2 protein chains.
Amino acid sequence: MDHADELKNIGLKATLPRLKILDIFRASPDRHLSAEDIYRLVLADNTDLGLATVYRVLSQFEQTGLLKRSQFGGSKAVYELNDHERHHGHLVCTRTGDVKEFFDAGIESRLVAIAHDMGYDLADYTITLFGRARSAEANASAGAVPLRG
Amino acid sequence: MDHADELKNIGLKATLPRLKILDIFRASPDRHLSAEDIYRLVLADNTDLGLATVYRVLSQFEQTGLLKRSQFGGSKAVYELNDHERHHGHLVCTRTGDVKEFFDAGIESRLVAIAHDMGYDLADYTITLFGRARSAEANASAGAVPLRG
DNA sequence: TTTATTGCAAAACCTTTGCATGTAT
DNA sequence: ATACATGCAAAGGTTTTGCAATAAA
C-alpha cells in the first residue's frame, strides 16, 4: 500500500499537499515538526503550498490518528507521526530544544491507577521532562526505554 | 506579614492591581485561572484594570515564584498559586475541564532516573492526565496523594 | 460532474509592547 | 522627586475561516 492508498483508506483524497506533508514526516530526521517547519520544508522541496493548507492537513491527520499533536512549553504546537507504538513521554533539552522520547511501563500503569483512584478513567496523558544535557552523553538504561537516540 | 509586605519582599511595589490579583487567587475555589478569568473576576469585584496589566502581573508573579504557569491542551495558559508544596501533576476532566492535582513520589523519582539515564539532569517536568469522571466519585487512595478535592 | 481541497487574504485568538499618564516609595 | 506601574491602543505570533478557483474521484 502506497501513500496515496493510505490517505484514501482514512477517507482523504490523495492530494499533492497531503502526500508531500506525509513524505516530509517520513523523511525528517526530526520527528517533531511545527506547521511552520513543514511549510518551510515543503517550500524548500520546490512544492508550492499555502500555510493555511498545512494547518488544515495537520488537523485532519491528527483527527484520523495519523499524527499526534503536542506543545512543549512554547507557543507553537508540534506534530509527530503516530506509529502506533507505545504512548511515550518527551524529554526536552532546555538548551537546544531537542526532543527525545521515552517509555516507562511502570509510570504508565501508575498513572492509570492514580486516575482511577481519583474517580476517573484515564483517556490520555502527557509527560514532558525538561533537562540540561550532561557533557558525556551517557545512555545506559536502568529500565526505561529511550525510543530513539 | 500582609499581602503588601509580601509583594515588597519580592521586589514589587504594592499596587492595587497586584494586591487584587493576589486576593483573587487566594479566594478562588478554582486554583487554576487564566488571564481572562482573572480579568473578569477583578472587574466583577468593582475594580477597574486593564487586561495588559493582568498579563504583566501574572508574568511578574511567575518570575518571582509566586505563581506557576501551565497549559492544559487548550490555547490559553493558566496560573496557580505556588504554595511551595510538592511539584504535582494535573488531572483534567475531558467533560467539564475541571482540574485536580495529585502527587506520586514513585513517579517523580522514576522521572529523575529516566532523565539521568538519557544523559540529562531533570530541571522540571509536567504531567497532565485527561480522563472521564466515573459516576461514583470514588476517592479511595492506593498511595497517590490527591492534593485537593 | 460532483464533491472535496486549495490558496489567498482576512479574521480570530491570546499575548506582548510603546508610550504617555499616574502612583508608590 | 524618582523610579516604577498602569492603561490604552497598536502590534505580535500562531491558528482558523470565508470564499472563489481548482483538482480528485
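Look above for the structure.
Source: prediction; values computed, not measured. (Residues numbered from 1 in each chain as written. Chains lettered and ligands numbered in written order. Predicted model: local features only at pLDDT ≥ 70, side-chain atom pairs only at ≥ 80, totals over all residues. Heavy atoms only, no water.)

Turning next to the protein's contact with DNA strand D. Around DNA strand D, the surrounding shell holds 20 residues, and the nearest of these are A:Tyr55, A:Lys76, B:Arg18, B:Thr53 and B:Arg56. For DNA strand D, the fraction of protein-proximal atoms (within 4 Å) that sit in sugar or phosphate groups is 66%. Between DNA strand D and A:Ala14 there is a distance of 3.3 Å, counted from a phosphate oxygen to a backbone nitrogen or oxygen. Between DNA strand D and B:Arg56, the relevant distance is 2.7 Å, taken from a base nitrogen to a side-chain nitrogen or oxygen of the residue. Put simply, the parts of the chain that give the surface near DNA strand D at least two residues each are helix 4 (51–63) of chain A together with helix 2 (16–27) and helix 4 (51–63) of chain B. Along the lines of polarity and charge, the residues of the surface near DNA strand D split into 8 nonpolar, 4 polar and 8 charged. (Near = heavy atom within 4 Å. Polar contact = N/O pair within 3.5 Å; in protein donor to acceptor, adjacent residues only side chain to side chain. Helix = DSSP H or I, 4+ residues; strand = E, 2+ residues; numbered from the N terminus. Nonpolar A, V, L, I, M, F, W, Y, C, P; charged D, E, K, R; others polar.)

Scanning the entire structure with this criterion turns up 17 salt bridges over all chains. Residue A:Arg31 is joined to A:Glu80 by a salt bridge in which the shortest nitrogen-to-oxygen separation is 3.0 Å. In this pair, A:Arg31 is assigned in the loop between helix 2 (16–27) and strand 1 (33–34) and A:Glu80 in strand 3 (residues 78–81), connecting sequence segments 49 residues apart. With respect to burial, A:Arg31 and A:Glu80 carry one shared label: buried. Its salt-bridge partner being B:Arg134, residue A:Asp121 comes within 3.9 Å of it at the nearest N-O pair. Of this pair, A:Asp121 sits in strand 6 (residues 120–133) while B:Arg134 sits in the loop between strand 6 (120–133) and strand 7 (145–146), each in a different chain. Assessed through its relative accessible area of 40%, A:Asp121 is described here as partly exposed. Because the salt bridges share partners, they merge into one network encompassing A:Arg31, A:Glu80, A:Asp83 and A:Glu101. (Salt bridge = Lys/Arg side-chain N within 4 Å of Asp/Glu carboxyl O. Buried < 20%, exposed > 50% of the residue type's maximum accessible area, 1.4 Å probe, protein only.)

Let us now look at the sheet that holds strand 3 (residues 78–81) of chain B. Residue and element names in this part refer to chain B. Here 3 strands make up an open sheet; going across it, the order is 1-3-2 and the pairing antiparallel. In the strand order of this sheet, the two ends are held by strand 1 (33–34) and strand 2 (67–70), each with one partner. Here strand 2 pairs with strand 3 via 4 bridges, running antiparallel. Bridge pairing in strand 3 links Leu67 to Leu81. The strands touched by helix 2 are strand 1, strand 2 and strand 3; relative to strand 3, the strand with the most contacts, the crossing angle is about 80°. Contacting strand 2 and strand 3, helix 4 crosses the sheet at an angle of about 110° to strand 2. (Pairing = 2+ DSSP bridges. Contact = heavy atoms within 4.5 Å. Axes fitted to C-alpha atoms, helices over the stretch in contact; angles between N-to-C directions.)

Of the transformation superimposing chain A on chain B, the axial component is 0.0 Å and the angular component is 179°, with the fit at an RMSD of 0.1 Å. Both chain copies can therefore be described as sitting about a two-fold axis. The rotation axis passes nearest to the C-alpha of A:Ile127 in chain A, at a distance of 2.3 Å. (Least-squares fit on C-alpha atoms with pLDDT ≥ 70 in both.)

Two residues of an α-helix separated by three or four positions point the same way, owing to the 3.6 residues in each turn. Residue and element names in this part refer to chain B. For helix 2, spanning 12 residues, the distance from its first C-alpha to its last is 16 Å, which sits close to the expected 16 Å at 1.5 Å a residue. Turning to helix 2, its buried residues number three or more, namely Arg18, Lys20, Ile21, Leu22, Ile24 and Phe25. Structurally, helix 2 contributes buried residues whose contacts are with helix 1 (3–9), strand 1, helix 3 (35–44), helix 4, strand 2 and strand 3. (Expected span 1.5 Å × (residues − 1).)

Residue and element names in this part refer to chain B. Close contact between helix 2 and helix 3 brings their axes to 10 Å; oriented N to C, the two are set at 105°. Taken as axis vectors, helix 2 and helix 3 run roughly perpendicular relative to one another. Contacts between helix 2 and helix 3 involve Lys20, Ile21, Ile24 and Phe25 from the former and Ile38, Leu41 and Val42 from the latter. Its residues assigned to classes, the contact of helix 2 with helix 3 shows 6 nonpolar, no polar and 1 charged. (Parallel < 35°, antiparallel > 145°, perpendicular 65-115°, else oblique.)

With that settled, consider the layout of surface pockets. The computed volume of the largest pocket comes to approximately 1,100 Å³. Of all the secondary-structure elements, those providing two or more residues to the lining of the largest pocket are strand 2 (67–70), strand 4 (89–93) and strand 6 of chain A together with strand 2, strand 4 (89–93) and strand 6 of chain B. Looking at side-chain class alone, the lining of the largest pocket contains 9 nonpolar, 22 polar and 10 charged residues. Estimates place the volume of the second largest pocket at around 530 Å³. (1 Å grid on protein atoms, 1.4 Å probe; cavity = no way out; pocket = protein on both sides within 12 Å on 5 of 7 lines; lining within 4 Å. Points joined across faces, edges and corners; volume = space filled by probe spheres on them.)

We now examine the nonpolar core. Core analysis: the biggest nonpolar cluster contains 26 residues, and A:Leu111, A:Ile127, A:Leu129, B:Leu111, B:Ile127 and B:Leu129 have the highest contact counts within it. At the level of elements, strand 4, helix 5 (105–117) and strand 6 of chain A together with strand 4, helix 5 (105–117) and strand 6 of chain B are the ones that each hand at least two residues to this core. Dropping the residues within four chain positions of it, B:Leu129 is found in contact with A:Leu111, A:Ala115, A:Leu122, A:Asp124, A:Tyr125, B:His90, B:Leu91, B:Val92 and B:Phe102. (Core = buried A, V, L, I, M, F, W, Y, C linked by side-chain atoms within 4.5 Å.)

Residue and element names in this part refer to chain B. Across the interface, helix 3 lies against helix 4 with an axial gap of 9 Å and an inter-helix angle of 120°. When the axes of helix 3 and helix 4 are compared, the pair comes out oblique. Crossing angle aside, the handedness with which helix 3 passes helix 4 is right-handed. Between helix 3 and helix 4, the contacting residues are Ala35, Glu36, Ile38 and Tyr39 on the first element and Leu51, Val54, Tyr55 and Leu58 on the second. When its residues are assigned to classes, the contact of helix 3 with helix 4 shows 7 nonpolar, no polar and 1 charged. (Left-handed = near helix turned anticlockwise from the far one by under 90°.)

Without other data, these values stay purely geometric and don't point to any function.
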